[in-house]
Amino acid sequence: MTSRGTPSRFLQSVLQNGVGRYVCQLKRISLIFSKKAQSSLGVREFIEEGVVDYAKKNPSTVVYVSPQASRIPKIVAEYLNGSVREEIITNKTSPQVLELLTKLTNQSGLDIIRIRKPFHTDSPSIQGQWHPFTNRPPSIGPIRPQKQDNK
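Residues numbered from 1 in each chain as written. Predicted model: local features only at pLDDT ≥ 70, side-chain atom pairs only at ≥ 80, totals over all residues. Heavy atoms only, no water.

The name recorded for the protein chain in an unreviewed UniProt entry is Large ribosomal subunit protein mL43, from Sparus aurata. For the protein chain, the Subcellular location (unreviewed entry) comment in UniProt is given as "Mitochondrion". One UniProt comment on the protein chain, placed under Sequence similarities (unreviewed entry), says "Belongs to the mitochondrion-specific ribosomal protein mL43 family." (UniProt positions renumbered as here; feature names shortened; annotations may be inferred.)

Below, the structure is given as structure tokens:
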């Protein structure tokens, strides 16, 4: 598939986030697991050891812990823009669950797509691009190569 077949956009920030102060885009995290299933062992360990530390590091994010019988363990992340992401965490260890939570916390909730250019401005310059001779006074005259003396 060519690059034109994939969606793309210009590099942008969610609501100019980070211009004034940074606002974490993750609104709510739900940890859904089984109390008895072997596949939820790593999640249960994370809840016993690290969920309180995670909640203290991210005070703007609400953390829900939901034990449900015979359910596949998963993390449901809800963002400020309304998008919802579900990640299956079957047979993951406690550090892997923390790593996944950190990844979801740092994301904006927007889909991951190809970036057209690594820079973009909402108000482009009408004067053209800058170069070293932009503000050079015209009285100096044009630039010529230096003459070499042949001796």
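Okay, the packing of helix H1 (residues 41-49) against helix H3 (residues 94-106) next. Viewed as axis vectors pointing N to C, H1 and H3 meet at an angle of 75°, and their least axial separation amounts to 8 Å. Classified by the interaxial angle, the pair formed by H1 and H3 is roughly perpendicular. Taken together, the residues of H3 that come into contact with H1 (itself represented by Gly-42, Val-43, Glu-45, Phe-46 and Glu-49) are Ser-94, Val-97, Leu-98 and Leu-101. (Axes fitted to C-alpha atoms, helices over the stretch in contact; angles between N-to-C directions. Helix = DSSP H or I, 4+ residues; strand = E, 2+ residues; numbered from the N terminus. Parallel < 35°, antiparallel > 145°, perpendicular 65-115°, else oblique. Contact = heavy atoms within 4.5 Å.)

Membership of the largest hydrophobic core comes to 17 residues, with the highest contact counts inside it found for Leu-26, Ile-29, Phe-46, Ile-75, Leu-101 and Leu-104. Apart from residues lying up to four places away in sequence, Ile-75 is in contact with Ile-29, Ser-30, Leu-31, Arg-85, Glu-86, Glu-87, Ile-89, Val-97, Leu-100, Leu-101 and Leu-104. (Core = buried A, V, L, I, M, F, W, Y, C linked by side-chain atoms within 4.5 Å. Buried < 20%, exposed > 50% of the residue type's maximum accessible area, 1.4 Å probe, protein only.)

An α-helical segment advances 3.6 residues per turn. Residues three or four places apart therefore align on the same side. Along H1, the residues that are buried comprise Gly-42, Val-43, Arg-44 and Phe-46. In this structure, the buried residues of H1 make contact with strand S2 (26-33), helix H2 (51-57) and H3.

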